[in-house]
Amino acid sequence: MSTVEFTCSGCTQRIEVNEEMRETILSVGCPVCTTPATEDDFDE
Ligand SMILES: [Zn+2]
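These notes cover the structure that comes with them. Numbering of residues starts from 1 in each chain and follows the order in which that chain's sequence is written. Confidence filtering applies because this is a predicted model: local features only for residues at pLDDT of at least 70, side-chain atom pairs given and counted only at 80 or more, and all residues used for totals across whole chains, interfaces and linings. To obtain the side-chain values, all non-hydrogen atoms of the structure were used and water was disregarded.

With respect to topology, three strands assemble into an open sheet ordered 2-1-3, the strand pairing being antiparallel. This sheet does not close on itself; its edge strands, each paired only once, are strand 2 (14–18) and strand 3 (42–43). For strand 1 (residues 3–7) and strand 2, the ladder comprises five bridges, and the chain directions are antiparallel. Paired with Glu5 across the strands is Glu16, a residue of strand 2. Only heavy atoms enter the contact rule, under which two residues are in contact if any of them lie within 4.5 Å. Simply put, an axis is a line fit to the C-alpha atoms, just over the touching stretch for a helix, and the angle between two N-to-C directions goes from 0 to 180 degrees. For helices the rule is a DSSP run of H or I covering at least 4 residues; for strands it is a run of E covering at least 2, with both sets numbered from the N terminus onward. Contacts from helix 1 (residues 19–28) reach strand 1, strand 2 and strand 3, with the element oriented near 120 degrees to strand 2. Any two strands with at least two DSSP bridges between them are considered paired.

Another point: the pairing of strand 2. Side-chain alternation along strand 2 places Ile15 and Val17 on a buried face and Arg14, Glu16 and Asn18 on a face that remains uncovered. Here strand 1 folds back onto strand 2, and the loop between the two strands holds six residues, one of which, Thr12, carries a positive phi near 60 degrees. Burial classes follow relative accessibility: with a 1.4 Å probe on protein chains only, a residue under 20% of its type's maximum area counts as buried, one over 50% as exposed, and anything between as partly exposed.

Time to look at the packing of aromatic side chains. In summary, the pairing rule links any two rings of Phe, Tyr or Trp, Trp by its six-membered ring, whose centres are within 6.5 Å, and it sorts them by plane angle into stacked for under 30 degrees, edge-to-face for over 60 and tilted for everything else. Counting across every chain of the model gives one aromatic pair. Whether a charge lies above a ring is judged from NZ of Lys or CZ of Arg, which has to be within 6 Å of the ring centre and within 35 degrees of the ring normal. One residue, Arg22, lies across the ring of Phe42, its end atom 5.2 Å from the ring centre.

This part is about the environment of Glu44. Here Glu44 lies in the segment after strand 3. A relative accessible area of 70% places Glu44 in the exposed class. On a C-alpha basis, the gap between Glu44 and Thr3 in space is 7.5 Å, while along the polypeptide they are 41 residues apart. With residues near it in sequence (within four places) discarded, Glu44 still touches Val4 and Arg22.

Set out below in structure tokens:
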């Protein structure tokens, strides 16, 4: 399973996510602080 690292631009929290979680974060924002996320916040 491939994972990517999400680094929130709002709270700087780093979270390892899979593709499904990535799509969720892109649509609803950071799971910690709800700051909207962009593709640039994911590091493959
Ligand atoms: Zn955040």
